Amino acid sequence: MNGYMDKASKYYLPSYENISKPRKGNGQLFFKNGKWCFSFAITFELKNEVSSEEKEVGVDRGLKYIAVAGDKEVGKYIHFSGKHIGHIRRKYSRLRRIFMKNKNMKALKRLENKEQRIIQYWNHVISKEIVRFAKKQGASIIKIEDLKSIRSMKKFWKRSDRNINSWAFFDLEEKLTYKAQLAELEVVKVNPFKTSQECSNCGNVVKKNRRGSLYTCSCGYKKDADVNASFVISTRPSNEEKAITAT
Ligand SMILES: [Zn+2]
């Protein structure tokens, strides 16, 4: 046997893939019921079952919704509107521009600290709820977009708000990762390329499918655009998996 299994053989079963380190034991030739028989023992190890049914929840981050967590399998999601802190952020944005213009760095710093504390509080609440949602859905993995290239987010925001907005993103990511670990969930990063243009139902990538806050596909699928994005994110392979296949 030598650890090799012939896939062309009619005795081959896919479940044999889980067998590792097979070893042939002692053989025995004997005569039984008028026939010569040969028997031998085989010992082997069973590989840990590769669970292909790990459930994944996708999280889309944005401004309209600070975060949307979606379970594509059952079509459930939770979202956290940015509205309730939107006015606070707009006020800060206005002040920031004034302080920047006047080069009042001290006031600017104070403003940022205050805003950061507010954002931290909300990110704390949101990440806790996302973890609770993932647990409730029976998920073991939370997928988020790999946004290390700020460039991919730049276009959405006014220049003066860019720093605080990207800071808010990463703060949520940090809190989510930390809380997920405590709940024995894994946070995995995926490629963010065109997640908002892809249809979570048929996989088509069409820019004009996204109109405002609605995603409408020619396959008949219609969904809130951010919910659709969270579903798409949940189905993307992790960036690490991809790196392994590439080598
Ligand atoms: Zn579609």
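Structure: above.
Described in the following lines is the structure provided in the data block. (Residues numbered from 1 in each chain as written. Predicted model: local features only at pLDDT ≥ 70, side-chain atom pairs only at ≥ 80, totals over all residues. Heavy atoms only, no water.)

1. Details of the coordination of the zinc ion
- Here the zinc ion is held by the protein donor atoms C199 (SG), C202 (SG), C217 (SG) and C219 (SG), which lie 2.3 Å from it.
- Bound by 4 donor atoms, the zinc ion shows angles of 106 to 115° at the metal and therefore tetrahedral coordination geometry.
- Between consecutive donors of the zinc ion, the numbers of intervening residues give the motif C-x2-C-x14-C-x1-C. Linking C199 in the loop between β7 (186–190) and β8 (210–211) with C217 in the loop between β9 (214–216) and β10 (222–224), this pair joins segments that are 18 residues apart in sequence. Residue C199 shares its accessibility class with C217, and that shared class is buried. (Donors = N, O, S within 2.8 Å, 3.2 Å for Na, K, Ca; no water. Tetrahedral: all angles 85-135°; square planar, octahedral: opposite > 155°, others 65-115°. Helix = DSSP H or I, 4+ residues; strand = E, 2+ residues; numbered from the N terminus. Buried < 20%, exposed > 50% of the residue type's maximum accessible area, 1.4 Å probe, protein only.)

2. Quick look at helix α2 (residues 105–136)
- Taking 1.5 Å as the rise per residue, α2 with 32 residues should run 46 Å; its terminal C-alpha atoms sit 46 Å apart, in good agreement.
- Following α2 by one or two positions, G138 has its phi on the positive side, about 75°. (Expected span 1.5 Å × (residues − 1).)

3. Describing a nonpolar patch on the surface
- The grouping of L29, F31, W36, F38, F40, I42 and F44 at the surface amounts to a nonpolar patch, some 820 Å² of accessible area in total.
- When contributions to the nonpolar patch are tallied by element, the ones reaching two or more residues are β1 (19–32) and β2 (35–46).
- Considering each element in turn, the nonpolar patch owes the most residues, 5 residues, to β2.
- If you trace the backbone, W36 turns up in strand β2.
- Under the relative-accessibility criterion, W36 is labelled exposed at 62%. (Patch = residues over 30% accessible without salt bridge, like charges linked within 9 Å, V, L, I, M, F, W, Y side chains within 5 Å. Areas by Shrake-Rupley, 256 points an atom, 1.4 Å probe, with all protein chains shown as cover. Salt bridge = Lys/Arg side-chain N within 4 Å of Asp/Glu carboxyl O.)

4. As for the packing of aromatic side chains
- Applying the stated criterion across every chain, the model contains 3 aromatic pairs.
- Their ring planes at 75° and their centres at 5.3 Å tell us that Y121 and W122 sit as a pair that is edge-to-face.
- You can call Y121 partly exposed: its relative accessible area is 49%. (Phe/Tyr/Trp six-rings, centres within 6.5 Å; stacked < 30°, edge-to-face > 60°.)

5. Quick look at the pattern of salt bridges
- Scanning the entire structure with this criterion turns up 12 salt bridges.
- For D226, the salt bridge identified is with K64, shortest N-O distance 3.9 Å. Of this pair, D226 sits in helix α5 (residues 225–235) while K64 sits in the loop between β3 (56–61) and β4 (65–71); the two residues are 162 residues apart in sequence, bridging distant segments of the chain.
- Residue classification places K64 among the partly exposed residues on the basis of a relative accessible area of 40%.
- One salt bridge in this structure joins R210 and D226, with 3.2 Å as the shortest N-O distance. Placement of the pair is R210 in strand β8 and D226 in helix α5, with a sequence separation of 16 residues.

6. Some words on the packing of helix α1 (residues 83–101) against α2
- Here α1 crosses α2 at 165°, and the two axes come no closer than 10 Å. Judged by the angle between their axes, α1 and α2 are roughly antiparallel. Here the hand of the crossing between α1 and α2 comes out left-handed. Judged by residue contacts, H84, I85, I88, R89, Y92, L95, R96, F99 and M100 of α1 engage A107, L108, L111, E112, K114, E115, I118, I119 and W122 from α2.
- Of the residues belonging to the contact of α1 with α2, the class tally is 12 nonpolar, 1 polar and 5 charged. (Axes fitted to C-alpha atoms, helices over the stretch in contact; angles between N-to-C directions. Parallel < 35°, antiparallel > 145°, perpendicular 65-115°, else oblique. Left-handed = near helix turned anticlockwise from the far one by under 90°. Contact = heavy atoms within 4.5 Å. Nonpolar A, V, L, I, M, F, W, Y, C, P; charged D, E, K, R; others polar.)

7. Notes on the environment of E198
- In this fold, E198 is placed in the loop between β7 and β8.
- Counting along the chain gives 33 residues from E198 to F231, while the straight-line C-alpha distance between them is 9.8 Å.
- Discounting chain neighbours no more than four positions away, the residues touching E198 are G203, N204, V205, Y215, N228, V232 and R236.

8. Side note on the sheet that holds strand β6 (residues 141–145)
- A sheet is described by the order of its strands in space; here 5 strands give the open sequence β5-β4-β3-β6-β7, paired in mixed fashion. At either end of the open sheet lies a strand with only one pairing partner, and these are β5 (76–81) and β7. Strand-to-strand twist of the sheet, defined as the mean angle between neighbouring strand axes without regard to direction, takes the value 20°.
- In terms of strand pairing, β6 meets β7 through 5 bridges, oriented parallel. Across the sheet, E145 pairs through a bridge with V190, a residue of β7.
- Docked against the sheet, α5 engages β3, β4, β5, β6 and β7, running at close to 130° with respect to β3. (Pairing = 2+ DSSP bridges.)

9. Section: the sheet that holds β9
- Reading across the sheet, the 3 strands line up as β8-β9-β10 and stay open at both edges, with antiparallel pairing between neighbours. Here the strands that pair on one side only, and so sit at the sheet edges, are β8 and β10.
- Inspection of the sheet shows β8 paired to β9 by 2 bridges, in the antiparallel sense. Looking at β9, one finds that R211 is bridged to L214.
- Sitting on the sheet, α5 is in contact with β8, β9 and β10, with an inclination near 100° to β10.

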